Amino acid sequence: MARIRKRKYGPGVPPPQERKPFRDVSTCFREIFGSKSYKVCVDGGFTCPNRDGTCGTGGCVFCGERGAGEFITGNGIREQISSAMEKARLKHRAEKFIVYFQNFTNTYAPVPVLRAKYDSALADGDPRIVGLAIGTRADCVSEEIADLLAEYARKYYLQIELGLQTSDDQTARRINRGYESKRFTQAVEILRQRNLNVVTHILLGLPGETKEHIIRTVDFLNRHDIQGIKIHSLYVLAGTRLAQQYQNGEFEPITMAEYVDWAVYVLTHISPKLIVHRISGDCAREMLVAPEWIMKKKEIMEQIIQTMEKNGWKQGEFFSEQPFQIPSEIFQKPK
Ligand code: SF4
């Protein structure tokens, strides 16, 4: 007997994923590449200067043992890509792919090593692979590395993902980020001198942060020439220092209502030109300690969209154009 699908959103109302009041990345990628495109995540075998003792040990308090990318399967870059592409083709009907070097710090190696790893992602010349996304830290972006990245940007779509998380240096110390926010300013400047596409990650709900911090982080971002944003909800992963703090009662995650309120603030105050790559976190169920609501991705998205719709708000509704300015006293080029 055929199953009757319940109409959840009312007659004529499309589901949330089809009525986003922001510049959603899937739509933008479809416009750029002409078909459904999907990011396939890769563990390139990197580490992080915040783990190996170069600038810190133990990593950021929320960082899991794999340095993100907990869903990745397969050995070696090529195998991971083939398996992820096949899954995305079957599950999401994706036709074009962007290889996302996700785990740890993907510009943290000498240039020849970086080149070899990026090349191996593109090695077989598969025309379905149209781009690279490189996740990294602001203090691992140098002129030399930016020159290398610019070479790929001449042939492929390229986005550099900088995990800022917050503009507040006190929070940055609390979470053991390992660099000050002025380093982000320097990295963006280096990348934009080469016209590279910068996507910034921010985390809502960091220890000690309130909505006031989010307002300041958005203001900070609006003073930078970035092209995209990922808004993540902080969650507690098993085995992290944040998990210890949570278990000791030193850290309490924000509620879903707070997250929705803060995410709506971000979306309505960033530039309408930014591409929004993400509006929630993504956690492997078996690794999650708290909060439970993080798993309700559709509900989070729906609440964000409904709040914006109810108020008649769109992305950038309250954005005010500010001159792009790097305070001269903090700008010193890294070696
Ligand atoms: S910079 Fe990234 S990979 Fe390094 S410790 Fe922090 S979250 Fe983990």
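Quick caveat, the model's predicted, so the values are computed rather than measured.

1. Quick notes on the overall build of the chain
Across its full length, the chain carries 10 helices and 9 strands. Sequence separation of 24 or more characterises 82% of the internal contacts of the chain that already satisfy a separation of 6 or more. When the accessible surface of the chain is split by element, carbon and sulfur atoms take 50% of a total near 16300 Å².

2. Some words on the confidence of the model for the chain
With 89% of its residues at a pLDDT of at least 70, the chain reaches an overall mean of 91. Low pLDDT, under 50, characterises residues 329-335; the predicted model gives this stretch 14 contacts beyond four residues in sequence or across chains.

3. A look at the sheet that holds strand S1 (residues 37-42)
One open sheet accounts for 7 strands, arranged S1-S2-S3-S4-S5-S6-S8; its pairing is parallel. Each end of this open sheet is capped by a strand with a single partner; those strands are S1 and strand S8 (275-278). Sheet twist, expressed as the mean angle between neighbouring strand axes with direction ignored, is 25 degrees. Its contacts with the sheet place helix H3 (residues 111-122) against strand S2 (96-101) and strand S3 (129-136), and it is angled at close to 145 degrees to S3. Of the strands in this sheet, strand S5 (197-204), strand S6 (228-233) and S8 touch helix H9 (residues 256-269), which is tilted by about 170 degrees from S6.

4. Quick look at the packing of helix H7 (residues 211-221) against H9
Contact pair H7 / H9: the axes reach a minimum separation of 10 Å and the direction vectors enclose 20 degrees. One element, H7, and the other, H9, form an angle in the roughly parallel class. The crossing of H7 and H9 is right-handed. Note on element contacts: H9 touches H7 through Asp261, Trp262, Tyr265, Val266 and His269, opposite Lys211, Ile214, Ile215 and Val218. Class assignment of the residues belonging to the contact of H7 with H9 gives a composition of 6 nonpolar, 1 polar and 2 charged.

5. Focus: the site of the ligand
Looking at the ligand, the residues that line it are Cys48, Asn50, Arg51, Gly59, Cys60, Phe62, Cys63, Phe104 and Arg137. Of the residues assigned to the shell around the ligand, the class counts are 5 nonpolar, 2 polar and 2 charged.

6. Observations concerning the pattern of salt bridges
Within this structure, the stated rule accounts for 20 salt bridges. Note that Asp169 is salt-bridged to Arg177, the shortest N-O span being 3.5 Å. Through salt bridges that share partners, Lys39, Glu161 and Lys230 make up one connected network.

7. Here we look at the pairing of S3
With 8 of 8 residues buried, S3 is to be regarded as a mostly interior element. Pairing between S2 and S3: 5 bridges, direction parallel. Residue Phe97 lies in a different strand from S3, and its bridge partner there is Ile129. For the crossover from S2 across H3 to S3, the handedness is right-handed. Where S3 and strand S4 (residues 157-165) come together, 6 bridges link them in parallel fashion. Across the sheet, the residue bridging to Thr136 is Leu162, located in S4. Between S3 and its parallel partner S4, the chain crosses via helix H4 (residues 143-153), and the hand of that crossover is right-handed.

8. A word on H3
The first and last C-alpha atoms of H3 sit 17 Å apart over 12 residues, in line with the 16 Å expected at 1.5 Å per residue. Buried residues of H3: Val111, Leu114, Lys117, Tyr118, Ala121 and Leu122, and no others. Along the axis of H3, the buried residues cluster in a sector spanning 140 degrees; they form a single face. Buried positions along H3 lie against helix H2 (77-92), S2, S3 and H4.

9. Structural notes on helix H1 (residues 25-33)
Where H1 is concerned, the buried positions are Val25, Cys28, Phe29 and Phe33. Along the axis of H1, the buried positions cluster into a sector of 115 degrees, meaning they face one direction only. Among the residues trailing H1, Gly34 stands out with phi positive, at a value near 80 degrees.

Conventions and cut-offs
In this convention, every chain numbers its residues from 1, walking through the sequence in written order. Per-residue local features of the predicted model are confined to residues with pLDDT of at least 70, and side-chain atom pairs are confined, for both listing and counting, to 80 or more; whole-chain, interface and lining totals are unaffected and use all residues. Water and hydrogen atoms play no part in the side-chain values, which are based on all heavy atoms of the structure. Secondary structure counts use DSSP, requiring at least four H or I residues in a row for a helix and at least two E residues in a row for a strand, with both numbered from the N terminus. By definition, residues are in contact when any of their heavy atoms lie within 4.5 Å. Note on areas: these come from Shrake-Rupley sampling with a 1.4 Å probe, and a residue is covered only by the protein chains present in the view. Residue-level confidence of the predictor is what pLDDT reports, using numbers from 0 through 100. Two strands form a pair only when DSSP identifies at least two bridges running between them. Lines fitted to C-alpha atoms define the axes here, with helix axes fitted over just the stretch in contact, and angles between the N-to-C directions of these axes take values from 0 to 180 degrees. Note that the term roughly parallel is reserved for angles under 35 degrees, roughly antiparallel for angles over 145, roughly perpendicular for angles of 65 to 115, and oblique for everything else. Crossings are classed by handedness, with left-handed meaning an anticlockwise turn of the near helix from the far one by less than a right angle and right-handed meaning a clockwise turn. Under the convention adopted here, Pro, Cys and the residues Ala, Val, Leu, Ile, Met, Phe, Trp and Tyr are nonpolar, Asp, Glu, Lys and Arg are charged, and Gly plus all remaining residues are polar. The cutoff for a nearby residue is simple: one of its non-hydrogen atoms must lie within 4 Å of the molecule or strand. Only one rule defines a salt bridge in this text: a Lys or Arg side-chain nitrogen within 4 Å of an Asp or Glu carboxyl oxygen. Relative accessible area decides the class of each residue, using a 1.4 Å probe on protein chains only: under 20% of the type maximum gives buried, over 50% gives exposed, and in between gives partly exposed. Crossovers are marked right-handed if the path from the first strand over the helix to the second runs clockwise, as seen with the strands pointing away from the viewer. Helices are assigned an expected span. That span is 1.5 Å times one less than the residue count. To be clear, the arc concerns the directions from the helix axis to the C-beta atoms.

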